[in-house]
Amino acid sequence: MTNVPPKGPPRAGLPPQEREQLNTVETQEWLDSLAYVFADAGDDRAAELLENLDHYAYFHGAPILFKQNTPYLNSIDVDKQPEYPGDIDMERKIRNIIRWNAVAMVVGANKKSDGIGGHLSTYASSAELLEVGFNHFFRGHGAGQDRDLVFFQGHASPGVYSRSYLEGRFDGERLGRFRRELQSEAGLSSYPHPWLMPDYWEFPTVSMGLGPMQAIYQARYIKYLENRGLKPAGDAKVWAFLGDGEMDEPQSIGALRFASYENLDNIVFVLNANLQRLDGPVRANSKVIQEFEALFRGAGWNVIKVVWDSKWDELLSKDYNGEIVKRFELLVDGESQRYAAFGGKELREKFFNTPELKALIDGWSDADLELLNRGGHDVRKIYAAYASATKHKGSPTVIIARTIKGYGLGDTAQARNAAHQVKKLEFGALKNLRDLLELPLTDDQVEHLELYHPGPDSPEVKYTMERRAALGGPVPAREVKYPHPTVPNGEFYEEFAGGSKGRAVSTTMAAVQVISKLLRDKEIGKYIVPIVPDEARTFGMDALVPRIGIYSPRGQTYTPVDSGSLMAYKEAKDGQMLEEGITEDGAMASWIAAGTAYAHHGVPTIPFFVFYSMFGMQRVGDLVWAAADQRARGFLLGATAGRTTLAGEGLQHQDGNSQLQAYVVPNLKVYDPAFAYELAVIIEDGIQRMFVNDEDIFYYVTIDNENEVQPAMPDDGRSHEEIRQGIVKGLYRFQRSQSKGKLKAQILAGGPSMGAAMEAAQKLEAYGVAADIWSVTSYKELHQEALAVQRHNMLHPTEAPRTSYVAQQLSKDNAPGVLISVSDYVKLSADGLNGHIDRKIWTLGTDGFGRSEAREELRDFFEVDTKHVILATLYALLRDGKIKGEVVQQAITDLGIDPERENPVLR
């Protein structure tokens, strides 16, 4: 190739008509040349030639713009389609049965209980997409390491249930209890919920946008397990079925670039582009499929469009001038919806609206035109796309399939703006559906919404079962089988019971020490998965990097700038740490993948996700809820926790609320340890309960960054086991007062507030107050147990009432005097105990916005420092009638407290 473009004739001087004729002839010559290359050398050579031309033109300054879109056509040409391997007629009959039963189930549920809900239109649009997968692609547990993971579009659950009914996994009575889970017999959950159907569903997907991100990180985690030798290498795929409206959620597209960067050729997105969301069109004035193509191509994905069905091929094959393609480019989705809703007459009048287009359909009836369907309803087109996607290497694939929302449901729902909300069909519509689906149901059976099952020995059921057997068994199916690891016992953690021996250590550093020790354990070390967003150095975890390496599928293709140092940055193909960059959502999705590996892969990995506590629960709460639903196990460590520990950072960084936010997740254990030995006990207990006892729980533990000398576990005559039990239950007496004061107080503290509590107890002696210190590791554990006891007593009024653990420990006999709680979190956590013990707890907490300040000033501002603990104690004694108001007033003066200053929660 020459570096200088040859000189051509000066066309600028030619008359416009001659110039246009010359351009036309020249263009045709180039096209003829390219056609010859296609015929003689094939597609690859043609692509190579075009790429060289593109480089040449760019080098010489031709203004070639990047094309984000390909034409509005199917990506796979008709002559490249593989033969369909199944019995198309039989599969159509099976789909028709499933379609009917899905409709009968939802409509029947709403007749039994008006307003119970459910969705008809999503599955109607995606039946072919799912059934091609069920019959030819989705591999079950019997496929071993090649088993696929499938994220089903949540609103399509009626169709998935109906297929399971045909397979004999559910009987008709259970389908009749759709969305009725509190009946005497098992029902069916509204959407995919592993918590409610733990042997069936694997992934909760209806919280919009969370499915796509989780699917990507599940695919990545398969590669992680394989590269670390924890799972045999296989050909497993992660399939994610998504809605086009769902893609507006930021989380839906937030990890697309990550999937491409990680070369995740084991993930396939199937984007059901039925062009509608809940209220109407997704993009009425443009083409959403083209938007998605540009988005995914720009992120490095392999894009396969399935736009038009096989009937269109007949027209395209005789469209020598490209008139249909030009008309396709003028389409907008709002117009497309009219054709789907109003049929062939509308298509004839509005689409084929030029002489050239009318000539192409000469002799076609309106009924013929109605056969021109969308590609997402053509099993041949879908199979070709799936086959291509599963063979593709090097990058993730998205299949964008154009479908009709409410397909086949008639005038009530098909392509209508209200399609998503349709839960009922009138008798006439049901009869029309019966006829369309060619089912042998009488009018009476239709009216009574009877399910149709052709019988276990029918050809339809036999075909269905044979296909599933060939692919490794039923899908979806959740099977929990994993080797229970041998976990360290109490001796392993004994060093933490001895304290830090005069060395100042934060609980964050103590957590890193526990993780580091677990990584060295010969039995479970390989299962420990440290995860950070981008804060390993902040949390003191940088020492782990050169030891265990950061996982990278590429390994380390460069020499790091700190090579040769003890703390050199190390990436490795078998690296153990997951350093996810600045994405708490991504890191949480990674934690979910690790925390569910025991169920999905039979590998009991134990994830520790360490994050800024303020950027945790507050930011990834929806994903935490999803983790709870799918029974994830592991540890979430909210580091630099507390409203007053993160000196200088201010309002957006200082956390006083994550303990309360974590409280609402039912199976999440929530702890706020003050000391290293408490943290070690909590982690030991958690590993035992989750991975040995098989409890479907997980842990949120707040840890702070304030360096303090860590005390030893109390040695006051109690056994370590007794103290350990108190730590796990949420409360134990840390220190008894040695004062002879007649006034008694019990100060409850946890996490960063322990220092103020201990100093206040000492200074209260000057007021004649003997104050014991109690370490509260978990207000949630205390409150939940107290509520359970209260419930039992209410339900058994004639029995002797039980007493909760917190009421026993803080009874007047065991803990005399007033009760004061001080916390670095909002007051409501501790206030929850009021009403469950024999007297009031006076609470101090950090309600309000944070400030950029030092710790001492912050604790004064939020009124949780030593002097405010003293004041609260004296005021409680005043209210208890033990001292005079003048004593409290004098203390306010002596302590330098301004009684008129503004409430911190309002500032």
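The structure under discussion appears in the preceding block.
Residues numbered from 1 in each chain as written. Predicted model: local features only at pLDDT ≥ 70, side-chain atom pairs only at ≥ 80, totals over all residues. Heavy atoms only, no water.

## Some words on the pattern of salt bridges
This structure, assessed with the given rule, holds 52 salt bridges. Notably, a salt bridge pairs Arg 163 with Glu 167, separated by 2.8 Å at the nearest N-O pair. Given a relative accessible area of 1%, Arg 163 falls into the buried group. Using a relative accessible area of 10% as the deciding quantity, one classes Glu 167 as buried. Asp 313 is the salt-bridge partner of Lys 381, the closest N and O atoms lying 2.7 Å from each other. A residue pair is termed long-range when its members are at least 10 positions apart, and Lys 381 in helix α17 (residues 379–391) and Asp 313 in helix α11 (residues 310–316) qualify at 68 residues. On the basis of relative accessible area, Asp 313 is assigned to the buried category, the value being 17%. Three or more residues are tied together by salt bridges with common partners; here these are Asp 860, Glu 863, Asp 865, Lys 867 and Arg 901. (Salt bridge = Lys/Arg side-chain N within 4 Å of Asp/Glu carboxyl O. Buried < 20%, exposed > 50% of the residue type's maximum accessible area, 1.4 Å probe, protein only. Helix = DSSP H or I, 4+ residues; strand = E, 2+ residues; numbered from the N terminus.)

## A word on the packing of helix α3 (residues 88–112) against helix α5 (residues 157–166)
Contact pair α3 / α5: the axes reach a minimum separation of 8 Å and the direction vectors enclose 120°. In this structure, α3 crosses over α5, and the sense of that crossing is right-handed. Touching Ile 94, Ile 97, Ile 98, Asn 101, Ala 102, Met 105 and Val 106 of α3 are Pro 158, Gly 159, Tyr 161, Ser 162, Arg 163, Tyr 165 and Leu 166, all from α5. Partitioned by chemical class, the residues of the contact of α3 with α5 number 10 nonpolar, 3 polar and 1 charged. (Axes fitted to C-alpha atoms, helices over the stretch in contact; angles between N-to-C directions. Left-handed = near helix turned anticlockwise from the far one by under 90°. Contact = heavy atoms within 4.5 Å. Nonpolar A, V, L, I, M, F, W, Y, C, P; charged D, E, K, R; others polar.)

## Some remarks on a nonpolar patch on the surface
A contiguous nonpolar patch, built from Trp 30, Leu 50 and Leu 53 and spanning about 300 Å² of accessible area, is present on the exposed surface. Topologically, Trp 30 is positioned in helix α1 (residues 16–41). (Patch = residues over 30% accessible without salt bridge, like charges linked within 9 Å, V, L, I, M, F, W, Y side chains within 5 Å. Areas by Shrake-Rupley, 256 points an atom, 1.4 Å probe, with all protein chains shown as cover.)

## Details of the pairing of strand β16 (residues 731–735)
Where burial is concerned, most of β16 is hidden: 4 out of the 5 residues are buried. With 4 bridges connecting them, β16 and strand β18 (residues 769–776) associate as antiparallel partners. Looking across to β18, one finds that Leu 731 is bridged to Val 776. (Pairing = 2+ DSSP bridges.)

Function-wise, these values are silent; they only describe arrangement.
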